Amino acid sequence: MSGLLVIRPGALTTVQDRGRPAYAHLGVPRSGALDTAAHALANRLLGNPPDAAALETTLDGVALRALAATTVAVTGAPCSVRVSGRPVAWGAPVRLSPGAELEVGRAESGVRSYVAVRGGLAVAPVLGSRSTDLLSGLGPPVLTAGTVLAVGAAAAEPVAGADACGLAGAPSELLLPLRLGPRADWFTEASVTGLWRAVFRVSAMSNRIGLRTEAGSPLVRARAGELPSEGMVLGAVQVPPDGLPVVFLADHPVTGGYPVVGVVPPGPALDAAAQARPGTAVRFTRA
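Residues numbered from 1 in each chain as written. Predicted model: local features only at pLDDT ≥ 70, side-chain atom pairs only at ≥ 80, totals over all residues. Heavy atoms only, no water.

Draft legend 1. Seen up close, the overall build of the chain. Scanning the chain for helices and strands turns up three helices and 20 strands. In summary, the chain has a C-alpha radius of gyration of 20 Å against a globular reference of 19 Å for 287 residues, a match within 12%. Principal-axis analysis of the C-alpha atoms gives the chain an extent of 65 × 40 × 30 Å. Counting the 287 residues in the chain, one finds 49% classified as buried. On the chain, roughly 12,200 Å² of surface is accessible, and the fraction owed to carbon and sulfur atoms is 57%. (Helix = DSSP H or I, 4+ residues; strand = E, 2+ residues; numbered from the N terminus. Rg over C-alpha atoms; globule rule 2.2 N^0.38 Å. Buried < 20%, exposed > 50% of the residue type's maximum accessible area, 1.4 Å probe, protein only. Areas by Shrake-Rupley, 256 points an atom, 1.4 Å probe, with all protein chains shown as cover.)

Draft legend 2. Molecular detail of the layout of surface pockets. In this structure, the second largest pocket spans a volume of roughly 320 Å³. Along the wall of the second largest pocket there are 18 residues; nearest its centre are Arg30, Ala33, Leu34, Thr36 and Asp271. Elements that contribute at least two residues to the lining of the second largest pocket include exactly helix 1 (36-46) and helix 3 (268-274). Among the elements that line the lining of the second largest pocket, the one with the most residues is helix 1, at three residues. Its residues assigned to classes, the lining of the second largest pocket shows nine nonpolar, five polar and four charged. (1 Å grid on protein atoms, 1.4 Å probe; cavity = no way out; pocket = protein on both sides within 12 Å on 5 of 7 lines; lining within 4 Å. Points joined across faces, edges and corners; volume = space filled by probe spheres on them. Nonpolar A, V, L, I, M, F, W, Y, C, P; charged D, E, K, R; others polar.)

Draft legend 3. A look at unusual backbone geometry. A cis amide bond links Gly181 with the next residue in sequence, Pro182, at an omega value of 10 degrees. Tracing the backbone shows Pro182 in the loop between strand 12 (173-180) and helix 2 (189-195). With a phi angle near 70 degrees, Leu59 is a residue other than glycine that sits in the positive phi range. Relative to the elements of secondary structure, Leu59 occurs in the loop between strand 3 (54-56) and strand 4 (62-66). Located in the positive-phi region is Ser84, a residue other than glycine, with phi close to 50 degrees.

Draft legend 4. Region of the structure containing the sheet that holds strand 4. Strand order across the open sheet formed by six strands is 7-6-9-4-1-11, with antiparallel pairing between neighbours. The open sheet has two free edges, formed respectively by strand 7 (86-87) and strand 11 (148-149), since each of these has just one partner strand. Relative to strand 4, strand 1 (residues 4-8) is paired through four bridges, and the arrangement is antiparallel. Each residue of the ladder has a partner; that of Leu4, found in strand 4, is Ala66. (Pairing = 2+ DSSP bridges.)

Draft legend 5. Summary view of the packing of aromatic side chains. Summed over the entire model, instances satisfying the criterion amount to one aromatic pair. Ring plane angle 70 degrees and centroid distance 6.0 Å describe the contact between Phe200 and Phe284, whose orientation is recorded as edge-to-face. One end of the pair, Phe200, is in strand 13 (residues 200-202); the other, Phe284, is in strand 20 (residues 281-286), with 84 residues separating them in the sequence. The two residues Phe200 and Phe284 agree in class, both being buried. (Phe/Tyr/Trp six-rings, centres within 6.5 Å; stacked < 30°, edge-to-face > 60°.)

Draft legend 6. Representation of the environment of Leu55 in the model. Turning to its location among the elements, Leu55 is positioned in strand 3. Expressed as a C-alpha distance, the spacing of Leu55 and Pro87, which sit 32 residues apart in the sequence, is 20 Å. Each residue touching Leu55, except ones within four places of it in the same chain, is listed here: Thr13, Thr14, Val15, Leu64, Ser113, Tyr114, Val115, Leu121, Leu143 and Leu149. (Contact = heavy atoms within 4.5 Å.)

Draft legend 7. Representation of the side chain of Thr132. Its place among the elements puts Thr132 in the loop between strand 10 (113-117) and strand 11. Within the structure, the side chain of Thr132 is placed 2.8 Å from the backbone oxygen of Pro140, a separation counted as a polar contact. Ignoring anything within four residues of it in the chain, the contact list for Thr132 reads Thr14, Val15, Gln16, Ser31, Leu138, Gly139, Pro140, Pro141, Arg208 and Asp251. (Polar contact = N/O pair within 3.5 Å; in protein donor to acceptor, adjacent residues only side chain to side chain.)

Draft legend 8. Structural context of the side chain of Asn43. Mapped onto the fold, Asn43 is located in helix 1. Judged by relative accessible area, which is 0%, Asn43 ranks as buried. Asn43 has contacts with Asn48, Pro49, Pro50, Ala52 and Ala116, leaving out every residue within four places of it along the chain.

Take it as geometry only, folks, not as evidence of what the structure does.
Here's what the structure looks like:
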């Protein structure tokens, strides 16, 4: 029998690939790996296609048993990696013999680690993606102990080594480039001007749906009332009644009624947001 048996699922471990874009008109979020660069690197290390499904862990890792010989790689948040109790490399291909147990430990910095397996995880796709979507419930369920994860056939590409590109570490301060609009005019000019000077902090209430902020200077409304619900995109910065910005991440709702002061473009900044721990300082800069 091939595959990986889940021994310890961790606090929140999900299957993620590059998501299911182009279904917002059906009410389906994009989903997919939050730290896209770390997910891509894990697959590159193993010779997988970039959209191969891998595991995304949250803070305290995961433990798996190999049911057949395979090769894995762990990237994202730095952490200890052990095979049957023996330390092995993080950020490099690691060979597992049948019955070997892979222990991915607690994140030493950052939040999310990525565990890829050569051949990718062969869970059933939904709307073209194997990603778990916490908001809609699409995709495979959150990992539980005893689950067996099927593994796909290995690609012809060779396994990479130290030549694979590195990644930035977890941010000590999260700098988010912001393109103002479409509803920046719903806030006072002083609030919008002050946004470039304000220092917020990542809230412990953050999740795959959005990075919530706390502290900082709340934005003040220039207009009363509420908007009819309108479309939301990845990176949209929505401002609820408390005035503290929420940055929408991969599992964000596709519509919302609170005004969006601006949008953080997809790329390295949103990858960094995936690794920002509660309490990390957040600043917005002009995109």
